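This is what each chain is made of:
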Amino acid sequence: MKYYVLTLGCHMNMSDSERLTTVFTNMGFTRTEQEEEADILGIIACSVRQKAIDKVYSRIHLWNKWKKDKSLITFVTGCLLDDDRKKFLKTFDLVFETNDIAGLPEMISQYGVVTPTGLKGHHEQGEFWDINPSYDSKYEAFIPIQNGCDKFCTYCAVPYTRGREVSRPSSEILEELKCLVDKGYKSITLLGQNVNSYGLDKKGEELSFAGLLEEIGKIGEASDDPFWLYFTSPHPRDMTRDVLETMAQYKCLAKQIHLPLQSGDNEILQKMNRNHTLADYRKIVTNIRELMPEATLFTDIIVGFTGEEGDHFENTRRAMEEIGYNMAFIACYSPRPGAVSSRWDDKITMDEKKRRLHVLSDVFIKSAGRFNEKLIGKTLPVLVTGTSRDGSRLAGLTEGKINIQFSSDKEIKPGSFVNVRVSGSTGISLQGEFSGE
Ligand code: SF4
């Protein structure tokens, strides 16, 4: 039998999808990318944008039409708001939480599909974290370390769709990491809505985030297989100095930090319920520069949030100029269903939001360019990820996740570490020449 899964949204959902693949494989199902030939059709949904939820409605409408001619089982899981969940209960055969993925064989067996794992009781199938994911890549993997969020930013619905923060036992995380390192994985990312509040829900019983990084650092020191460990995304509120000190101490902890700023204006930050000021954020950046001067800094920014006037925006522009990012993911604000701010006005026109986005893009491109210029002449370790679009050169990422394209006479497989001499910079990316393995 065949199954088809449509995964919408962020890395968390993609990571859930890797676990779902394992459950289906254990049931003897094969995956298909052609939904017409599947016996089981499912969606890992995302509620962050209305467009993604509209997609769920249009798929199930189509699949329910097909049901008139053949027998199909449909399911939906992922980030769902209560209102949508209630509606989906009427249109999908199965609606369940991602944490219940392990119980899928049992749920499916209620539809008369008997599978080897479906015969077992739920307790025998284990829990969500026990499922070994089927990784999509041979050298890059994501490890979920925590689910849910307690922060309640006013523009976000995640605390309502994924529930409160729950940390995964560190013993399992370290086990999964060791396995990946032994298999030769080179880029491993710890995933969570707020990775650095890891352990706070089990204070005294579980490691802190810095403690978890330290254990990973030790695994890196003891291993002959080099790897880079990343995490995303931390919240500035919980970015304590011990996390940065630990990062600085261990080689395998990649010197790259994605630290969302969202706005550089205190009034807007308060309205977003971010619970920190620009001064707090600045202090973290000062610590990063002091402890890891070579680190790259990425961020997320929202422009045109409710009430963002010219002065507020100017403060964000200035903050970005001062901090100097290597990468900024800038989004035009749009109300998200289920979020508190969806009840507030959204009067700033899309044209104005786009104008602000372009202003900020220019700022970050310039600062990334300045950073990259300084790398010219240096030799850096690079993780090969493929080839340039025209196929003439190899492509890869530096430890700081800067894209680099380089010439090489040797054929080098994606997933290999090589040394590349940086010969030039094209704004946010680099160019270079292979200089050894
Ligand atoms: S944006 Fe805020 S509320 Fe949403 S997941 Fe991140 S920290 Fe939690």
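Owing to the predicted nature of the structure, the values given are computational and were not obtained by experimental measurement. (Residues numbered from 1 in each chain as written. Predicted model: local features only at pLDDT ≥ 70, side-chain atom pairs only at ≥ 80, totals over all residues.)

Draft legend 1. Quick peek at the nonpolar core. Judged by nonpolar contacts, the single largest core of 102 residues is most densely connected at Ala45 and Ile143. Inspection of this core shows a minimum of three residues originating in each of domain 1 (2-128) and domain 2 (135-371). Counting residues in each nonpolar core, the second largest holds 12 residues, with Val384, Leu397, Ile402 and Val420 among its members. (Core = buried A, V, L, I, M, F, W, Y, C linked by C-beta atoms within 7 Å. Buried ≥ 20, exposed ≤ 12 C-beta atoms within 10 Å, placed from the backbone. Domains from an automatic or database assignment.)

Draft legend 2. Layout of the packing of helix 12 (residues 310-323) against helix 13 (residues 350-373). Taken N-terminus to C-terminus, the directions of helix 12 and helix 13 make an angle of 15°; their axes are 9 Å apart at the nearest point. With respect to each other, helix 12 and helix 13 are oriented roughly parallel. Crossing of helix 12 over helix 13 shows right-handed handedness. Only Arg356, Val359, Leu360, Val363 and Phe364 of helix 13 make contact with helix 12, whose side of the interface consists of Phe313, Thr316, Arg317, Met320 and Glu321. Class assignment for the residues of the contact of helix 12 with helix 13 results in six nonpolar, one polar and three charged. (Axes fitted to C-alpha atoms, helices over the stretch in contact; angles between N-to-C directions. Helix = DSSP H or I, 4+ residues; strand = E, 2+ residues; numbered from the N terminus. Parallel < 35°, antiparallel > 145°, perpendicular 65-115°, else oblique. Left-handed = near helix turned anticlockwise from the far one by under 90°. Contact = placed C-beta atoms within 7 Å. Nonpolar A, V, L, I, M, F, W, Y, C, P; charged D, E, K, R; others polar.)

Draft legend 3. Focus on the site of the ligand. Neighbouring the ligand are the residues Cys149, Lys151, Phe152, Cys153, Cys156, Val158, Pro159, Gln193, Asn194 and His235. For the shell around the ligand, the per-class residue count stands at six nonpolar, three polar and one charged. (Near = placed C-beta within 6 Å.)

Draft legend 4. Structural context of helix 13. For helix 13, with 24 residues, the first-to-last C-alpha span of 34 Å sits near the 34 Å given by 1.5 Å per residue. Those residues of helix 13 lying buried are Lys353, Arg356, Leu360, Val363, Phe364, Ser367, Ala368 and Asn372. (Expected span 1.5 Å × (residues − 1).)

Draft legend 5. The arrangement of the sheet that holds strand 13 (residues 327-332) in detail. On the basis of which strands lie adjacent, the open sheet formed by three strands has the order 11-12-13 and parallel pairing. A single partner strand is all that each edge strand has here, and the edge strands are strand 11 (256-258) and strand 13. Pairs of neighbouring strands in the sheet enclose a mean axial angle of 10°, with direction left out of account. The sheet contacts of helix 13 involve strand 12 (296-303) and strand 13, and relative to strand 13 the element is tilted by about 175°. (Pairing = 2+ DSSP bridges.)

Draft legend 6. Region of interest: the environment of alanine 339. By secondary structure assignment, the location of alanine 339 is in the loop between strand 13 and helix 13. Judged by the 21 C-beta atoms lying within 10 Å of it, alanine 339 is buried. With 162 residues separating them in the primary sequence, alanine 339 and leucine 177 have C-alpha atoms 34 Å apart.

Draft legend 7. Main features of the pairing of strand 18 (residues 429-436). The sheet contact formed by strand 16 (residues 403-407) and strand 18 spans four bridges and is parallel. Looking at strand 18, one finds that phenylalanine 406 is bridged to glycine 432. Across seven bridges, strand 17 (residues 417-426) lies against strand 18 in antiparallel orientation. Bridge pairing in strand 18 places serine 425 opposite leucine 430. The turn joining strand 17 and strand 18, which pair antiparallel and follow one another in sequence, is formed by two residues; a positive phi near 70° is taken by glycine 427.

Draft legend 8. Molecular detail of the domain arrangement of the protein chain. Once the domains are mapped, the protein chain shows domain 1 (2-128), domain 2 (135-371) and domain 3 (379-436). When each unit is reduced to the centre of its C-alpha atoms, the spacing between domain 1 and domain 3 is 39 Å.

Draft legend 9. Main features of unusual backbone geometry. Going from threonine 232 to serine 233, the amide bond is cis rather than trans, its omega being -15°. Position of serine 233 among the secondary structure elements: in the loop between strand 10 (228-232) and helix 9 (241-249). Even without being glycine, glutamine 262 reaches a positive phi, approximately 65°. Structurally, glutamine 262 can be placed in the loop between strand 11 and helix 10 (266-271). Phi is positive for lysine 401, close to 65°, though the residue is something other than glycine. Among the structural elements, lysine 401 can be located in the loop between strand 15 (394-398) and strand 16.

Draft legend 10. Just the sheet that holds strand 4 (residues 73-78), in detail. Strand order in the open sheet formed by five strands is 2-1-3-4-5, with parallel pairing between adjacent strands. The open sheet has two edge strands, strand 2 (30-31) and strand 5 (94-95), and neither has a second partner. Pairing between strand 3 (residues 40-45) and strand 4: six bridges, direction parallel. When the bridges of strand 4 are listed, alanine 45 appears paired with glycine 78.

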